[in-house]
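Okay, here's what each chain looks like letter by letter:
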Amino acid sequence: MKYPIRKTNPILSLVSSSLYDLPVPINLTIMWNFGSLLGFCWLVQVASGVLLACHYTCHVDHAFDSVVYIMRDVNNGWMIRSVHANGASFFFICAYIHIGRGVFYHSFVMKHTWLVGSSMMLLLMGIAFTGYVLPWGQMSYWGATVITNLASAIPYFGSDLVEWIWGGFCVGDATLKRFFVFHFLSPFLLVVLIILHVMYLHETGSGNPLGISSDAEAVPFHSFYTLKDLVGIVVMASLLFLVCLCFPDLFSDPVNFFPADPMKTPTHIQPEWYFLFAYAILRSVPNKLGGVVSLVLSVAVLYVMPFFPKGFHRGIQFNPVAQVIFWLFIGNFVLLSFIGACPIEYPFDLIGAYSSVGYFMFYPIFPFVCLFWDYAVDTVVAQK
């Protein structure tokens, strides 16, 4: 019997088993599209970033002017930069939806896959932060000053760590060069984590909306899901280009259109929108060290979820109580993002404090509610 080349060739067989012939559940919904959309975002960001790096000048005296040069004089430079800047926002939109779907359907029970994914999220945040500094606008400079200075709250070696990050005694040319190197090289480290993430996912197999094993009814990835993913990519690419062509500054801060001025502090310093929830949590803690710890834990808490006690059912699609808790958490996440963009004054400071407490309370309450519902349902079924 003659097998196709994708099965006999040692290299193609690896790709085929991971993509072409991979058995996947037959009932995956659109919520499972965001993994492939994240891969597409990575490709767009790397391609546009390499093109921008060809014209960017990594120097505090020329960085801002080089960005202006890209926008005005480089052929289609305005489009490349708009795709790269707005593509970061689309990257985080897909990442947050991807994580939210994982929480809803209990994908965190796949321990290794989830832990690698959490590491990818932390690295992605580092890449996005350093990229925001590179244009060397007013908000870029002061955002870098404020965020990097948080490391000084670490006891004993915090001040030395800040000076090491800065490459001196203040944010300057050495800082910009270090951030540029990190921002340029880290996406290639991210692809290593992506490969690990996919490998671990293929060991356990994807979940599905019913939360049950569907191995008996699995279908090959191609062409059932390649075409479905392609539709999602086309839709997202269309939305990205719509934003780039019609609303290119939709996600941008107006203050960042001014060159960095160390002698003039902006009235209200804030990060990009995808960091606002963590920024609001940071501001809600009056102690500097406590704020830094809360900031780190707001993302690092994802590492705890695989160790939640496992219930009888996977996912909360049939658990109305847990669904209420989940959607309250999503609403609280949006509220924190709004509070992070507001000035530190009444009532925003008070709302931010309560919302921060609610954010962290979700993680111990959510598994308890899931277990309680499973126990209650199984008790009723056993009695019948």
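Only a predicted model underlies this, so the values are computations on that prediction, with no experimental measurement involved.

1. Topic: the pattern of salt bridges
Thinking step 1. In the structure shown here, the tally under the stated rule is one salt bridge.
Thinking step 2. Between Asp173 and Lys177 there is a salt bridge whose closest N-O contact spans 2.6 Å. Linking Asp173 with Lys177, this pair stays in helix α9 (residues 173-204), spanning four residues, or about one helical turn.
Thinking step 3. Residue Lys177 is classed as partly exposed on the basis of its relative accessible area of 35%.

2. Brief notes about the environment of Ala151
Thinking step 1. On the secondary structure map, Ala151 appears in the loop between α7 (138-149) and α8 (158-166).
Thinking step 2. Note on Ala151: relative accessible area 14%, which makes it buried.
Thinking step 3. Sequence separation between Ala151 and His106 is 45 residues, and the spatial gap between their C-alpha atoms is 34 Å.
Thinking step 4. With near-sequence residues (within four places) excluded, Ala151 lies in contact with Gly158, Leu161 and Val162.

3. Describing the side chain of Ser48
Thinking step 1. Within the secondary structure, Ser48 sits in helix α3 (residues 34-53).
Thinking step 2. Within polar-contact distance, the side chain of Ser48 engages the side chain of His84 at 2.8 Å.
Thinking step 3. In contact with Ser48, not counting residues within four places along its chain, are Ile80 and His84.

4. A short note on the side chain of Ser118
Thinking step 1. Within the secondary structure, Ser118 sits in helix α6 (residues 111-133).
Thinking step 2. Ignoring anything within four residues of it in the chain, the contact list for Ser118 reads Leu302 and Tyr303.

5. Notes on the UniProt feature "binding site: a ubiquinone" (unreviewed entry) in the protein chain
Thinking step 1. With numbering aligned to this structure, UniProt lists the feature "binding site: a ubiquinone" (unreviewed entry) at His202.
Thinking step 2. Within the element layout of this structure, His202 appears in helix α9.
Thinking step 3. Classification of His202 by relative accessible area gives partly exposed; the value is 27%.

6. A short note on the packing of α3 against helix α11 (residues 226-246)
Thinking step 1. Remark: α3 packs on α11, axes separated minimally by 9 Å, with the N-to-C direction vectors making an angle of 50 degrees. Here α11 runs oblique to α3, going by the angle between their axes. The handedness of the crossing between α3 and α11 is right-handed. Facing α3, whose interface residues are Ser36, Leu37, Phe40, Cys41 and Val44, α11 presents Asp229, Gly232, Ile233, Met236, Ala237 and Leu240.
Thinking step 2. In the contact of α3 with α11, the residues fall into eight nonpolar, two polar and one charged.

7. Considerations on the domain arrangement of the protein chain
Thinking step 1. According to the domain assignment, the protein chain contains domain 1 (25-209 + 221-263) and domain 2 (270-383).
Thinking step 2. Spacing between the C-alpha centres of domain 1 and domain 2 amounts to 23 Å.
Thinking step 3. Across the boundary between the two partners, domain 1 contributes 36 residues, which contact 31 residues of domain 2.
Thinking step 4. Summed over both partners, the interface of domain 1 with domain 2 buries about 3200 Å², with 74% contributed by carbon and sulfur atoms.
Thinking step 5. Considering only the side of domain 1, the residues that lose the most area to domain 2 are Phe104, His106 and Leu150, jointly responsible for 19% of the buried surface there.
Thinking step 6. There are zero salt bridges connecting domain 1 and domain 2.
Thinking step 7. On the surface where domain 1 and domain 2 come into contact, there are eight residue pairs in polar contact (both at pLDDT 80 or more).
Thinking step 8. Among the secondary structure elements, those contributing two or more residues to the side of domain 1 that touches domain 2 are α5 (77-104), α6 and α7.
Thinking step 9. Per-element accounting of the side of domain 1 that touches domain 2 gives the leading share, 10 residues, to α6.
Thinking step 10. Considering only residue class, the side of domain 1 that touches domain 2 consists of 24 nonpolar, 10 polar and two charged.

About the criteria used
Residues numbered from 1 in each chain as written. Predicted model: local features only at pLDDT ≥ 70, side-chain atom pairs only at ≥ 80, totals over all residues. Heavy atoms only, no water. Salt bridge = Lys/Arg side-chain N within 4 Å of Asp/Glu carboxyl O. Helix = DSSP H or I, 4+ residues; strand = E, 2+ residues; numbered from the N terminus. Buried < 20%, exposed > 50% of the residue type's maximum accessible area, 1.4 Å probe, protein only. Contact = heavy atoms within 4.5 Å. Polar contact = N/O pair within 3.5 Å; in protein donor to acceptor, adjacent residues only side chain to side chain. UniProt positions renumbered as here; feature names shortened; annotations may be inferred. Axes fitted to C-alpha atoms, helices over the stretch in contact; angles between N-to-C directions. Parallel < 35°, antiparallel > 145°, perpendicular 65-115°, else oblique. Left-handed = near helix turned anticlockwise from the far one by under 90°. Nonpolar A, V, L, I, M, F, W, Y, C, P; charged D, E, K, R; others polar. Domains from an automatic or database assignment. Buried area = accessible area lost by both parts, 1.4 Å probe.

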